[in-house]
There are 2 protein chains.
Amino acid sequence: MLNDKVKHELISIVGADNVQDSRASLLVYSYDATPQFQSMPDAVVAPRNTDEVAEVLKLCNEHHIPVVPRGSGTNLSAGTTPVEGGIVLLFKHMQDIVEIDEENLTVTVQPGLITLDLINAVEARGLFYPPDPSSMKISTMGGNLNENSGGLRGLKYGVTRDYVMGLEVVLPNGDIIHTGGKLAKDVAGYDLTRLFVGSEGTLGVITEATMKLVPMPETKKTILALYEDIEAAAEAVSSIIAHRIIPTTLEFLDRPTLKVVEEYAQIGLPTDIEAVLLIEQDGPQEVVDHDIEKIAALCRDNQAIRVDVAKSELEADALRTARRTALSALARLKPTTILEDATVPRSKIAEMVRAINDIAREYKVDICTFGHAGDGNLHPTCLTDVRNKEEIHRVEQAFEAIFHQAVELGGTITGEHGVGAMKSPYLHLKLGDEGIAAMKGIKQAFDPNNIMNPGKMFAKSERKRVVVHT
Amino acid sequence: MLNDKVKHELISIVGADNVQDSRASLLVYSYDATPQFQSMPDAVVAPRNTDEVAEVLKLCNEHHIPVVPRGSGTNLSAGTTPVEGGIVLLFKHMQDIVEIDEENLTVTVQPGLITLDLINAVEARGLFYPPDPSSMKISTMGGNLNENSGGLRGLKYGVTRDYVMGLEVVLPNGDIIHTGGKLAKDVAGYDLTRLFVGSEGTLGVITEATMKLVPMPETKKTILALYEDIEAAAEAVSSIIAHRIIPTTLEFLDRPTLKVVEEYAQIGLPTDIEAVLLIEQDGPQEVVDHDIEKIAALCRDNQAIRVDVAKSELEADALRTARRTALSALARLKPTTILEDATVPRSKIAEMVRAINDIAREYKVDICTFGHAGDGNLHPTCLTDVRNKEEIHRVEQAFEAIFHQAVELGGTITGEHGVGAMKSPYLHLKLGDEGIAAMKGIKQAFDPNNIMNPGKMFAKSERKRVVVHT
């Protein structure tokens, strides 16, 4: 609990309406979208502008109070769970589009802006912001920046990081810095911009960001390829890329995922086959026509039993939406859904899918797999029940085996969900002790009192995800 | 000078042939392509592999000996001048292409590899590595990575940073770390990959890099647009981008530059007009035809007096080569050529060109301007004579005014040449004291003994470029 002096100072900075510490409001911000993590904050604070953020950080730094910046809390790595208490920082007063610059093709946003609102606003001007995390209807840009969010269009267009041109950041000592700018080229100093992107709120608070936009693609087409064999689908993915075609989207859903998605979305997806690939290409009409034709042929060459081109944008949109609902659909089946994002080089997709299935069998757990196959970014998703301690233990072991396997194949423990509190015990698998030591040096330099989102990124112990904090 | 003990330890690590300290060999590595900077190293060391780099760094760290990693020394910011003596690290034994991976579209290289050798090797497989710094015939990949090199194709394709997927880096303490990988998505920890890119050898030594490749564009076309008015040319640049066309290359040359380039290259460039734009588009045939037609129309709408489409790849290549020779051509005219790379948002190009001309008049100095107009990355180039102290003083003042102007327009002091020793006195203009303090924290964390390329990035004093160190 905050002492009265600190509470009053917070109120004097942001106003009484913007400091909450009732049991009910603390409870609301005690968890995020990650199963099994909960921990109460001491207060919820909503600054109204950058200067107030700076004042709050200075105060917290002085009193060594943890600060957890939070968007909509859609992250899946317990990145915004206040595991060490302190203040949850909300951005409900900072959700504007500051500027759309049509000459420089940039948009400048505040952290509280909903991703889809950004996308819709720029598309209305004929411009395109490609990163499209599945949670984009509710996720905020601040969250996307701190997590370096991916999305379905990442294969062709990259991730959030690839669109950040400049940031305004408040450091733990209250300093406000500006990195980058509306500049296609800028080598003045270290790349602080990209250091903050994906740093999960552990180095400072992003209060404004200038993002790159690209011209809106002229058109797009969507196809669905059906497979009787999961590995054939995976081989098709490798084959498409190896034939020098980079589709916008190249998604994979296995049979169990298909079944629940169809039950949930009811759009006529086949449920009696082993896997589908949902593939989209955008660009100029001729290119799209040509690529889609070639992709369809490559799918057939790799044993697709059927390839359907969506007949209309309406049908295509239904397919995309169905894919985006995969997590929600799966979450209905069992009390606990644990979705992971082990990622491998795309040439290793078939091998990784095979390994996941072997591991699920070995530990006798129920794993569905879907995800961004073209990126090598799979989402093995375990349907389980946290109350069944014996099963949960096996789930833990299975995921640990999956992470090991991903790293062994040249992959990583997390492609887009982040490390947070949940995956910090596994980070050394990817970075080694030397890599983690280098990261700790950076953390120490920016945040010597460890107030910024403590308990994230760096593991304190071998604690696994299933410990519940209350 | 190194003491005998250290020298013998170096020899025991890399072999006697790979440690040089004769006066002649030290002299060769006492300067780079930057005018007016020279400083003698104590030894020149060429490790044969990553482990030897680690041993050398450990030794130097123990004895607080400066280490300056150096490729071909083509940088223009005194980034590889050993301003505090110590060891110049050469990569002549580490210049291999380790692997071209056609399934994942990556190439893995050692730091000593020449950029053009990489480009040619991947193009032979139908793959494309877009970054093309003007010095690519001689520059090394290690240099490109440390400087985050740009190039002519940066407008459409981005810079070196945008193609780095993973690095092997030796830290000053001798730790070897691996960042990233052949992964389209990876959010396991801070973005160390991009922190090292552009860090100018001040944080560690890059010993291997995995770079992203893209499919080779089907075709390309080049046009030359002639202008009687510099600002009309700049307006055409803004107009093309604002019409949602992103050409591969959008280069600008003013009249004085054109004149010397034509004298040097003799390919029939017009020399009686005020400016030309050299514009290239690549991609599928239909797209290129369509874009080039639209670009030509926009150039005419913006007062181009003539627009010529190159009739053959031979002719196009002659134009590109001529552009790349601009610096060499200018360097023949006067004893001293100082080329800068102040960069602005592309919408500010016209304003910046006007400001440069005003500043040149005000300080009575001779400035030609060419550069990557589409990126807002201009190269105002001053032809002068370092022996004329009075003129050089005015040149200094003019460039300082240019940097101020660039930052005032939302730009930066360096778009692609780096900070090095030369621009460190100006870095605070872009980053402010708070930004520099953040950078210093990172430097201190990685390199507490300040052995890595000391005297770069961080200004010790207000020393300007024209002081010669011998």
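Residues numbered from 1 in each chain as written. Chains lettered and ligands numbered in written order. Predicted model: local features only at pLDDT ≥ 70, side-chain atom pairs only at ≥ 80, totals over all residues. Heavy atoms only, no water.

By the naming in an unreviewed UniProt entry, chain A goes by Glycolate oxidase subunit GlcD and is assigned to Thalassobacillus devorans. Quoted verbatim from the Cofactor (unreviewed entry) heading of the UniProt record, the comment on chain A is "FAD". (UniProt positions renumbered as here; feature names shortened; annotations may be inferred.)

A.B. asks: Mind showing me how you'd approach the overall build of chain A here?
C.D. replies: When its secondary structure is counted, chain A shows 15 helices and 18 strands. The C-alpha atoms of chain A give a radius of gyration of 22 Å, which matches the 23 Å a tight globule of 470 residues would have. Counting only C-alpha atoms, chain A reaches 70 × 60 × 40 Å along its principal axes. Relative to its 470 residues, chain A shows a buried fraction of 63%. The long-range fraction of contacts in chain A, counting pairs at least 24 apart against all pairs at least 6 apart in sequence, stands at 73%. (Helix = DSSP H or I, 4+ residues; strand = E, 2+ residues; numbered from the N terminus. Rg over C-alpha atoms; globule rule 2.2 N^0.38 Å. Buried < 20%, exposed > 50% of the residue type's maximum accessible area, 1.4 Å probe, protein only. Contact = heavy atoms within 4.5 Å.)

A.B. asks: I would appreciate a short explanation of unusual backbone geometry in the present structure.
C.D. replies: We note that Ala78(A) has phi near 55 degrees; this positive angle belongs to a residue other than glycine. By the element assignment, Ala78(A) lies in the loop between strand S3 (67–69) and strand S4 (87–89). In this model, Glu200(B) sits at a positive phi of 55 degrees, which is unusual for a non-glycine residue. Considering the arrangement of structural elements, one finds Glu200(B) in the loop between helix H7 (192–196) and strand S10 (205–212).

A.B. asks: Is there a simple way to explain the relation of the copies chain B and chain A in this structure?
C.D. replies: Comparison of the two chain copies shows a relationship of rotation about an axis with a shift along it. For the pair chain B and chain A, the superposition axis carries a translation of 0.0 Å, the fit reaches an RMSD of 0.0 Å, and the rotation angle comes to 180 degrees. A rotation of that kind, with that shift, is consistent with a two-fold axis. Of the C-alpha atoms belonging to chain B, the one lying closest to the rotation axis is found on Ile442(B), 2.8 Å away. In this assembly, 100% of the residues forming the interface of chain B have copies in chain A that are likewise at the interface, indicating an isologous arrangement. (Least-squares fit on C-alpha atoms with pLDDT ≥ 70 in both.)

A.B. asks: Where do I start with helix H15 (residues 427–446) of chain A in this structure?
C.D. replies: Since one α-helical turn is 3.6 residues long, residues separated by three or four positions face the same way. Between its first and last C-alpha atoms H15(A) spans 20 Å; for 20 residues at 1.5 Å apiece the expected length is 28 Å, and the helix comes up short by more than 12%. At Asp433(A), H15(A) shows its maximal bend, which comes to roughly 80 degrees. Looking only at H15(A), the buried set comprises Leu427(A), Lys430(A), Leu431(A), Gly435(A), Ile436(A), Ala438(A), Met439(A), Gly441(A), Ile442(A), Lys443(A) and Phe446(A). Structurally, H15(A) contributes buried residues whose contacts are with helix H7 (192–196) and helix H14 (389–408) of chain A together with strand S9 (176–180), H7 and helix H15 (427–446) of chain B. (Expected span 1.5 Å × (residues − 1). Bend = angle between axes of the 7 residues up to and from the residue.)

A.B. asks: Sorry if this is basic, but what is going on with the UniProt feature "domain: FAD-binding PCMH-type" (unreviewed entry) in chain A here?
C.D. replies: UniProt's feature table lists "domain: FAD-binding PCMH-type" (unreviewed entry) at residues 37–216 of chain A, given in the numbering used throughout. End-to-end, the C-alpha atoms of residues 37–216 of chain A are 40 Å apart, and along that stretch the chain is 22% helix and 23% strand.

A.B. asks: What exactly am I supposed to notice about the packing of helix H8 (residues 230–242) of chain B against helix H13 (residues 349–362) of chain B here?
C.D. replies: Axis angle and axis distance: for two packed helices, these are the angle between their axes and the distance between the axes, and together they describe the pair. All names here are of chain B. Close contact between H8 and H13 brings their axes to 8 Å; oriented N to C, the two are set at 155 degrees. In terms of their interaxial angle, H8 and H13 are classed as roughly antiparallel. Once H8 is placed against H13, the crossing between them reads as right-handed. Facing Ile230, Glu231, Ala234 and Glu235 of H8, the residues of H13 in contact are Ile349, Ala350, Val353, Arg354 and Asn357. Looking at the contact of H8 with H13 residue by residue, the class counts come to 5 nonpolar, 1 polar and 3 charged. (Axes fitted to C-alpha atoms, helices over the stretch in contact; angles between N-to-C directions. Parallel < 35°, antiparallel > 145°, perpendicular 65-115°, else oblique. Left-handed = near helix turned anticlockwise from the far one by under 90°. Nonpolar A, V, L, I, M, F, W, Y, C, P; charged D, E, K, R; others polar.)

A.B. asks: Would you mind showing me how to read the pairing of strand S8 (residues 164–170) of chain B here?
C.D. replies: Within a regular beta strand, the side chains point alternately toward one face of the sheet and then the other, so they alternate between its two faces. Residue and element names in this part refer to chain B. The buried count for S8 comes to 7 of 7 residues, which makes it a mostly enclosed element. Relative to S10, S8 runs antiparallel, the two being bridged by 6 bridges. Paired with Glu168 across the two strands is Glu208, which belongs to S10. Pairing of S8 with S9, which is carried by 5 bridges, proceeds in the antiparallel orientation. Paired with Val169 across the strands is Ile177, a residue of S9. Linking S8 back to S9 in an antiparallel pair, the connection comprises 5 residues, with Gly174 at a positive phi of about 95 degrees. (Pairing = 2+ DSSP bridges.)

A.B. asks: Looking at this structure, how should I read empty space enclosed by the protein?
C.D. replies: Residue and element names in this part refer to chain A. Summed over the entire model, instances satisfying the criterion amount to 3 cavities of 30 Å³ or more. In this model, the largest cavity occupies a volume close to 60 Å³. Every residue lining the largest cavity is listed: Leu224, Leu253, Leu258, Val261, Leu269, Val276, Leu278, Leu319, Ala322 and Arg323. When residues of the lining of the largest cavity are traced back to their parent elements, those giving at least two are helix H9 (255–265), strand S14 (275–283) and helix H11 (313–324). (1 Å grid on protein atoms, 1.4 Å probe; cavity = no way out; pocket = protein on both sides within 12 Å on 5 of 7 lines; lining within 4 Å. Points joined across faces, edges and corners; volume = space filled by probe spheres on them.)

A.B. asks: It is not clear to me how the domain arrangement of chain A should be interpreted in this structure. Could you clarify?
C.D. replies: Interface size, as often reported, equals the accessible area lost upon joining of the parts. All names here are of chain A. According to the domain assignment, chain A consists of domain 1 (1–216 + 428–470), domain 2 (219–323) and domain 3 (330–427). The distance between the C-alpha centroids of domain 2 and domain 3 comes to 23 Å. Each partner contributes residues to the interface: domain 2 has 17 residues there, and domain 3 has 20 residues. Buried surface at the junction of domain 2 and domain 3, summed over both partners, amounts to about 1600 Å²; 63% is from carbon and sulfur atoms. (Domains from an automatic or database assignment. Buried area = accessible area lost by both parts, 1.4 Å probe.)

A.B. asks: Sorry if this is basic, but what is going on with the interface of chain B and chain A here?
C.D. replies: Listed by partner, the interface residues are 80 residues for chain B and 80 residues for chain A. At the junction of chain B and chain A, the tally comes to 10 salt bridges. A salt bridge links Lys430(A) to Asp186(B); the nearest nitrogen and oxygen atoms lie 3.8 Å apart. Connecting chain B to chain A are 26 residue pairs in polar contact (both at pLDDT 80 or more). Elements represented by at least two residues in the side of chain B that touches chain A include exactly S9, H7, H8, helix H10 (285–301) and H15 of chain B. Looking at which element gives the most residues to the side of chain B that touches chain A, the answer is H15(B), with 12 residues. Taken together, the residues of the side of chain B that touches chain A break down into 33 nonpolar, 27 polar and 20 charged. (Salt bridge = Lys/Arg side-chain N within 4 Å of Asp/Glu carboxyl O. Polar contact = N/O pair within 3.5 Å; in protein donor to acceptor, adjacent residues only side chain to side chain.)

A.B. asks: Looking at this model, I keep getting lost on the sheet that holds strand S1 (residues 19–20) of chain B. Mind explaining?
C.D. replies: Sheet strands associate in pairs through backbone hydrogen bonding, adopting either a parallel or an antiparallel arrangement. All names here are of chain B. Reading across the sheet, the 4 strands line up as S1-S2-S4-S3 and stay open at both edges, with mixed pairing between neighbours. If you trace the sheet from one side to the other, it starts and ends with S1 and strand S3 (67–69), each paired once. Where S3 and strand S4 (residues 87–89) come together, 3 bridges link them in parallel fashion. In the strand pairing of S4, Val67 is matched with Ile87. Its contacts with the sheet place helix H3 (residues 50–63) against strand S2 (43–45), S3 and S4, and it is angled at close to 160 degrees to S4.

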